[in-house]
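Given next are the chains, with one letter for each unit.
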Amino acid sequence: IRGAGRLRRRPAASPAAPGLPGVHQLPPALPPEHHLRSRHRRERKVEERRQLERRRRLEDLTRQAAVAAPAPARLRQPEAAFSPEVLADRERRRQEFHDSIFLYMQRYGRTRRGHVEFIEAMRSRLQELGVHKDLQSYKALLDVFPKEVMRVRTMWQSEFRHYPRQQDTAIALLDTMNEHGVMPDTDMGLQISRIFGTESYVMTKFQRMMYWMPKLRHADPWPAVRLTSSGLQYLPAPESFRDLAVRALRRMCPDPETRVTTYSMDGPPGSDLFVASAQAPAQQQLLTDMAAGAHVYLDGPNWVWFGEHRLSYYALSADPTPLAREIAARKEATAAAAAETPQKLRPRLMEEDFTWWRRLRCADDGDGDRGDEDQPDGELARAPSEHELPDCTVLSLAIASSSGGADLLLRWVRLLAAEPGNEALQRAAVVLQLRPSDGDGDAADGPDAAASGQGGDSSQSDARE
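A brief look at the structure comes next. Because the structure is predicted, anything quoted here is derived from the model rather than measured.

**A word on the side chain of Asn422**
- Position of Asn422 relative to the elements: it lies in the loop between α15 (406-417) and β8 (429-434).
- With near-sequence residues (within four places) excluded, Asn422 lies in contact with Gln279, Gln284, Leu287, Leu416 and Ala417.

Here's what the structure looks like:
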């Protein structure tokens, strides 16, 4: 009896009434799952059409943003980056970048249809177009977002990422600025507040950049600044290869008294041959203290990075001084003794080492020794300058044009020997130790060329393997 209700069958549909032809009972209603499946199927087709349309629109916008001429390969020679042709081509590409943004905004007006895809396409080509260091280009790209539409106005919109895809695109644009070292300004902050509001995640990213990037910029131990009447001012980007060479030498030389001189050389018509030389008064004194006929070595090219440019420089050096050799040997002996000394006895070892430093310049007692261990401490030892290295003594540094070769370096040595305070260089034997170049900087004349001459005279130099 209890299961009779469940076993009860549905009554069969009654046939049409005999006196009323064509009148039948309505079929049973479809289950609700059928309607849900049909609706999901329709929504899936609509979403597929939207994705296909979005993909086609992205391809069209990418073709519109593409520049007719392909981007050049990475510049290998620093001089080529400052040639008039390259500078003109860079300005042309920058103008084409801004023209593409203007054409897009003129075509789609206030709706800005497909603005996320357009910004992503342009952001991926910033470095290719050469505008990845230009703040105005980032501002123009940020201006593509529609204003006042996606602005965060309530606490719930701020917490649940109002327009998340647009905010992620803007944050990616700020990340690109951070990667290339471009610091935003207050105008960009006003742009972000008009687009996303002051409580958005984009504004949080902007505030963090404005907090940390100035701190890291002022924490640079070698800033490119100049002293003016109003204080220190950051130098603009170098406009020529000469300016780049001078800045690189000033950063490489630790002595604040270093003087950087640029020598212009005669060369073929249309060529700009020069040598930027750096030398300090302490280096001139070391050159004067050298014995007559000592060897001076011109070694290079060596490589140094200055920003995005790889420069080659040459070093004019001599044999290490006795003081530098003695101090290097003492440091090696102290390090070896410290490795074998127990931890408890290391303070005594440090005290003995300090006593040796104090007695380094004691007056000799006549037999060449530095005095008895029991005699009172003498004057403090003269610390070696930053130019006196354990393996060599650096006398000067130079950055030369890559088209000059060894002859340009010999002319630089002759001009350096003619400077006041470098008379000892005229009596020294200059030995060239040039290595082959890999094409990224200055080129040497021949593989492993070595030349020896008196006073840097090229007529007396003898080239040998």
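There is more to say after this.
**Let's talk about the environment of Ala318**
- As for its placement among the helices and strands, Ala318 is situated in strand β6 (residues 309-318).
- Linking Ala318 and Val394, residues 76 residues apart in sequence, is a C-alpha distance of 6.6 Å.
- Those residues in contact with Ala318, other than ones at most four positions away along the chain, are Met290, His295, Tyr297, Cys392, Thr393 and Leu395.

**Details of the pattern of salt bridges**
- Within this structure, the stated rule accounts for 18 salt bridges.
- Between Asp175 and Lys205 there is a salt bridge; the shortest N-O distance is 2.8 Å. Taken together, the residues Asp175 in helix α8 (residues 164-179) and Lys205 in helix α10 (residues 201-218) connect sequence positions 30 residues apart.
- Of the residues examined, Lys205 reaches a relative accessible area of 21% and is grouped as partly exposed.

**A short note on the packing of aromatic side chains**
- Under the criterion given, the structure shown has six aromatic pairs.
- Ring plane angle 5° and centroid distance 4.3 Å describe the contact between Tyr104 and Phe118, whose orientation is recorded as stacked. Separated by 14 residues along the polypeptide, Tyr104 in helix α3 (residues 84-108) and Phe118 in helix α4 (residues 115-123) bring together distant segments of the chain.
- Exposure remark for Tyr104: the relative accessible area of 1% places this residue in the buried category.
- Residue classification places Phe118 among the buried residues on the basis of a relative accessible area of 1%.
- Note on Phe145 and Phe196: the rings are 5.3 Å apart at their centroids and 65° apart in plane angle, and the pair reads as edge-to-face. Taken together, the positions of Phe145 in the loop between α6 (135-142) and α7 (155-159) and Phe196 in the loop between α9 (186-195) and α10 put the pair 51 residues apart, joining distant regions of the chain.
- Directly above the ring of Tyr201 sits Arg161, whose terminal nitrogen or CZ lies 4.9 Å from the centroid.

Criteria and cut-off values
Residues numbered from 1 in each chain as written. Predicted model: local features only at pLDDT ≥ 70, side-chain atom pairs only at ≥ 80, totals over all residues. Heavy atoms only, no water. Helix = DSSP H or I, 4+ residues; strand = E, 2+ residues; numbered from the N terminus. Contact = heavy atoms within 4.5 Å. Salt bridge = Lys/Arg side-chain N within 4 Å of Asp/Glu carboxyl O. Buried < 20%, exposed > 50% of the residue type's maximum accessible area, 1.4 Å probe, protein only. Phe/Tyr/Trp six-rings, centres within 6.5 Å; stacked < 30°, edge-to-face > 60°. Lys NZ or Arg CZ within 6 Å of the ring centre and 35° of its normal.

Geometric descriptors of this kind do not, in isolation, establish any biological role.
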